[in-house]
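Observations on the model geometry
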Amino acid sequence: MSKGVTFYFMRHGETYLNKYHRMQGWSDTPLTNRGKRDVARSGAGLADVKFDAVYCSDLRRTFETAQIIVNENQHKEEMPPVVAMPEFREIFFGSFEGMDATETWENLWKFLGYEDGMDYRNDKSVIEELNGMKAMDPYHEAEDYLTFWTRVERGLIKLINEHRETGRNILVVCHGMTIRNIIHALIPEFQIDRHLDNASISVVSYREGFYHLEKFNSVEHFAPDNINNNEQEPEVHKILPTDVDKDDELPLQEQ
């Protein structure tokens, strides 16, 4: 009988660039206090799940998120060190990093000829957006879809080869568009028509040769929020990855 594997993909908690509605790909800011608390609530709701491995991207916001999740877990003393993988970074938005998000996306849609925005039920929407972002970037350093997906797929293949048929629970803390594209690659028929919430989980299991989406963008497991002040900071114990899995620093694309 197949042992399979279960992947828990978690988006990082709210950051200051998220709060200010700014473009955030490779640019990085720390979690807000609200973001830390929401991650703690997410971790508390998953506290009884024994994660046999924990991965994150090599950006600070996923490090911080992984720290809190590990600290909330009942099995933290048995969990191996967090492994950081640059393959799971978010998309690089080039010269649009840090720009107003609403304005940038609206400008992109107009650049692509869409006055009313993209239809995310269309499987080609993300491909068209990323290729358009690179074309619209004056420096042409934003990642196009092929560049982005080639590196993410490389990381995904590493995890599948390492953990498939082990019966393990694997936590992967990374980014919204990264997770959406991973799920679409594993389950092509699933239509991803919305963005992921901060600290949400999407659970994909592998059984008998097939991937199954168990949960998508779930926040139902969050523990109750008993703090009225959204800016009150929870206790955080610093647990940084001790093993960074990378070949070389990811290079910018050639102009």
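Positions within a chain are numbered from 1, following the residues in the order the chain's sequence is written. The predicted nature of this model means local features are confined to residues of pLDDT at least 70 and side-chain atom pairs, given and counted, to a pLDDT of 80 or more, with totals for whole chains, interfaces and linings taken over all residues. Heavy atoms from the whole structure form the basis of all side-chain values; hydrogens and water molecules are not counted.

Remarks on the packing of aromatic side chains
Under the pairing criterion, centres of Phe, Tyr and Trp rings, with the six-membered ring standing for Trp, must be within 6.5 Å; the plane angle then separates stacked pairs below 30 degrees from edge-to-face pairs above 60, leaving the rest tilted. By the definition in use, this model includes eight aromatic pairs. Aromatic side chains Tyr8 and Phe51 sit 5.2 Å apart centroid to centroid with 85° between the ring planes, which places their arrangement in the edge-to-face category. You can see Tyr8 sitting in strand S1 (residues 5-11) and its partner Phe51 sitting in the loop between helix H2 (33-45) and strand S2 (53-56), a full 43 residues away along the chain. Here's how the labels work: a residue is buried when its accessible area is under 20% of the maximum for its type, exposed when over 50%, partly exposed in between, all with a 1.4 Å probe on protein chains only. Take Tyr8: its relative accessible area is 13%, and that puts it in the buried class. Assessed through its relative accessible area of 1%, Phe51 is described here as buried. Helical segments are the DSSP runs of H or I of at least four residues, strand segments are the runs of E of at least two, and each set is numbered from the N terminus.

Remarks on the nonpolar core
In terms of nonpolar packing, the biggest core is built from 42 residues, with Phe88, Phe93, Trp105, Met133, Ile182 and Leu186 touching the most fellow members. Ranked by residue count, the leading element in this core is helix H6 (residues 145-163), at seven residues. Working rule for contacts: check all heavy atoms of both residues, and any pair within 4.5 Å makes them a contact. Beyond its immediate chain neighbours, meaning those up to four positions away, Ile182 contacts Phe9, Phe88, Trp149, Val152 and Leu156. Definition of nonpolar core: a set of buried residues of the types Ala, Val, Leu, Ile, Met, Phe, Trp, Tyr and Cys, connected through side-chain atoms within 4.5 Å. Tyr8, Ala40, Ile69 and Met79 belong to the second-largest nonpolar core, a separate cluster that totals 24 residues.

Digging into the side chain of Ser42
Structurally, the position occupied by Ser42 is in helix H2. With relative accessibility at 0%, the residue Ser42 sits in the buried group.

Concerning the layout of surface pockets
Residues are said to line a cavity or pocket when one of their atoms sits within 4 Å of a point; the points come from a 1 Å grid over protein atoms alone, cavities being sets where a 1.4 Å probe fits but cannot get out and pockets being open sets with protein on both sides within 12 Å along at least five of seven lines. Grid points are joined across faces, edges and corners, and a volume is the space filled by probe spheres set on the points. Approximately 610 Å³ is the volume found for the largest pocket. Along its surface, the largest pocket is lined by 27 residues, and Arg11, Asn18, Ala101, Trp105 and His195 are the ones closest to its centre. Listed by contribution, the elements that provide at least two residues to the lining of the largest pocket are helix H1 (16-19), helix H4 (101-111) and helix H7 (176-186). At five residues, the largest contribution of residues to the lining of the largest pocket is made by H4. Think of it as three bins: nonpolar holds Ala, Val, Leu, Ile, Met, Phe, Trp, Tyr, Cys and Pro, charged holds Asp, Glu, Lys and Arg, and polar takes everything else, Gly as well. Within the lining of the largest pocket, the residues separate by chemical class into nine nonpolar, eight polar and 10 charged. Of the pockets and cavities examined, the second largest pocket occupies roughly 240 Å³. Around the second largest pocket sit 17 residues that line it, and Asn122, Asp123, Val126, Asn181 and His184 are the ones nearest its centre. Every element with two or more residues in the lining of the second largest pocket is listed here: helix H5 (125-136), H6 and H7. With four residues, the single largest contributor to the lining of the second largest pocket is H7. Along the lines of polarity and charge, the residues of the lining of the second largest pocket split into eight nonpolar, five polar and four charged.

Considerations on the pattern of salt bridges
By salt bridge we mean one thing: a side-chain nitrogen of Lys or Arg within 4 Å of a carboxyl oxygen of Asp or Glu. With the rule as written, the count across this model stands at nine salt bridges. In this structure, Asp38 and Arg41 form a salt bridge, with 3.3 Å as the shortest nitrogen-oxygen distance. Of the two residues, Asp38 and Arg41 are both situated in helix H2; the distance of three residues between them amounts to about one turn of the helix. According to the relative accessible area criterion, Asp38 is buried, its value standing at 16%. A cluster of three or more residues bridged by salt bridges with shared partners is formed by Arg34, Asp38 and Arg41.

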